[in-house]
Amino acid sequence: MRDLLISKLIVEKYFEKLKSSLELDVAIVGAGPSGLTAAYELAKNGFKVAVFEERNVPGGGIWGGGMMFNEVVLEKELETFLRELKVRYTLREDHIVVDSVHFASALLYRATKEGALVFNNISVEDVALREGRVCGVVVNWGPTVRLGLHVDPITVKSSFVVDGTGHPANVVTLLAKRGLIQMKTEFPMDADSAEEFVVEKTGEVFPGLLVSGMAVCEVYGGPRMGPIFGGMILSGQKIAKIVNKRLR
Ligand code: 48F
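Procedures and definitions
- Residues numbered from 1 in each chain as written.
- Predicted model: local features only at pLDDT ≥ 70, side-chain atom pairs only at ≥ 80, totals over all residues.
- Heavy atoms only, no water.
- Near = heavy atom within 4 Å.
- Polar contact = N/O pair within 3.5 Å; in protein donor to acceptor, adjacent residues only side chain to side chain.
- Areas by Shrake-Rupley, 256 points an atom, 1.4 Å probe, with all protein chains shown as cover.
- Helix = DSSP H or I, 4+ residues; strand = E, 2+ residues; numbered from the N terminus.
- Pairing = 2+ DSSP bridges.
- Axes fitted to C-alpha atoms, helices over the stretch in contact; angles between N-to-C directions.
- Buried < 20%, exposed > 50% of the residue type's maximum accessible area, 1.4 Å probe, protein only.
- Arc of directions from axis to C-beta.
- Contact = heavy atoms within 4.5 Å.
- Salt bridge = Lys/Arg side-chain N within 4 Å of Asp/Glu carboxyl O.

J.: Please explain the site of the ligand as it appears in this structure.
T.: Neighbouring the ligand are 27 residues; Ser34, Glu53, Gly61, Asn170 and Gly226 lie closest to it. Between the ligand and proline 33 there is a distance of 3.4 Å, counted from an oxygen atom to a backbone nitrogen or oxygen. Considered on its own, the ligand offers 740 Å² of accessible surface; in the complex 93% of this is hidden by protein. Taken together, the elements giving at least two residues each to the shell around the ligand come down to α2 (33-44), β2 (49-53) and β7 (122-130). Considering every element that reaches the shell around the ligand, the biggest residue donor is β7, with three residues.

Here you go:
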């Protein structure tokens, strides 16, 4: 019966993949632009990295562009990065404009092609903590968490965890609510200063826990910036540089 063979192949392969990801160099929470960029750069440099994404479709806020007009804007300095990804883009008024569907697909393709594993439908509901250091993530099925089902999670060990969960900074919030971190809140829209702010503050927020992308603004009280994505990419790249330096 072929149907049975199909089921067997899927189950076997999935659990091989999951088992190989129980110990990681870097566990990235959230498959938005910053998390995917960090995953791409880290995998390219030979690190063992997996991205856990609670939704069925990874890509975070890229797909919808601005107000569902599916184009995003990036700073001109990202041209080299886009060329490396082999992304089509337009240069206009000193900025880059990219089709958001094309861009999201390219980031996903290149990150996974370099060897990063993306686990969609898996939510990070907590972190593991030993001797004052974050040393892994506690994961469960996305729908289990959303429905509030009483099902215990499992733990993945990692040398570093990255909070790439965007506006709510869901991972840092887990430590803030236990009084382990002081957190601010995101400020209103200001694309001029927000892009620099995100990149400057990207980094380790607690031993073992790094914060990237929009989560940075929530944690440190920076402004939001809407559909300009250069800061997200540069933030992901900075995460990779920090990890590279610390784990080498
Ligand atoms: O929000 P998101 O795209 O993160 P980002 O990399 O980029 C922000 C921009 O998209 C945009 C912006 C900048 O121009 O303003 O908003 O900071 O993606 C975050 C991803 O994290 C997932 C969520 O579903 C989304 O795809 N996520 C959130 N909480 C969890 C999670 C969780 N607890 N476990 C797993 N995934």
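J.: What exactly am I supposed to notice about the sheet that holds strand β3 (residues 71-75) here?
T.: Pairing between the strands of a sheet comes from backbone hydrogen bonds, and it takes one of two forms, parallel or antiparallel. The three strands are arranged β3-β5-β4 in an open sheet whose pairing can be described as antiparallel. Pairing within the sheet leaves two strands with one partner each, and these edge strands are β3 and β4 (90-92). Strand-to-strand twist across the sheet, computed as the mean angle between neighbouring axes with direction ignored, equals 35°. Of the strand pairs in this sheet, β4 and strand β5 (residues 95-99) are connected by three bridges, and their pairing is antiparallel. Note on β5: the bridge partner recorded for threonine 90 is valine 97.

J.: What's the story with helix α7 (residues 191-201) in this structure? I'm lost.
T.: Each full turn of the α-helix corresponds to 3.6 residues, which orients residues three or four apart in the same direction. Residues of α7 that are buried: Ala194, Glu195, Phe197 and Val198. Across the axial projection of α7, the buried residues extend over an arc of 165°, all falling on one side. Opposite the packed face of α7, turned more than 90 degrees from it, sit the exposed residues Asp192, Glu196 and Glu200. Looking at the buried positions of α7, the neighbouring elements they touch are β3, α8 (214-220) and α9 (230-247). Positive phi shows up at glycine 203, right after α7, with a value of about 160°.

J.: Quick question: what am I supposed to make of the pattern of salt bridges here?
T.: Pairs can form between side chains of opposite charge once their charged atoms are near each other. Tallied over the entire structure, the rule returns eleven salt bridges. The residue glutamate 114 makes a salt bridge to arginine 110 at a minimum N-O spacing of 3.6 Å. Classification of glutamate 114 by relative accessible area gives partly exposed; the value is 29%. Taking relative accessible area as the criterion, arginine 110 reaches 16% and is therefore assigned buried. When the shortest N-O distance is used, the salt bridge between arginine 246 and glutamate 204 registers 2.9 Å. Of the two residues, arginine 246 is situated in helix α9 and glutamate 204 in strand β10 (residues 203-206); the sequence distance between them amounts to 42 residues. Judged by its relative accessible area of 42%, arginine 246 falls in the partly exposed class.

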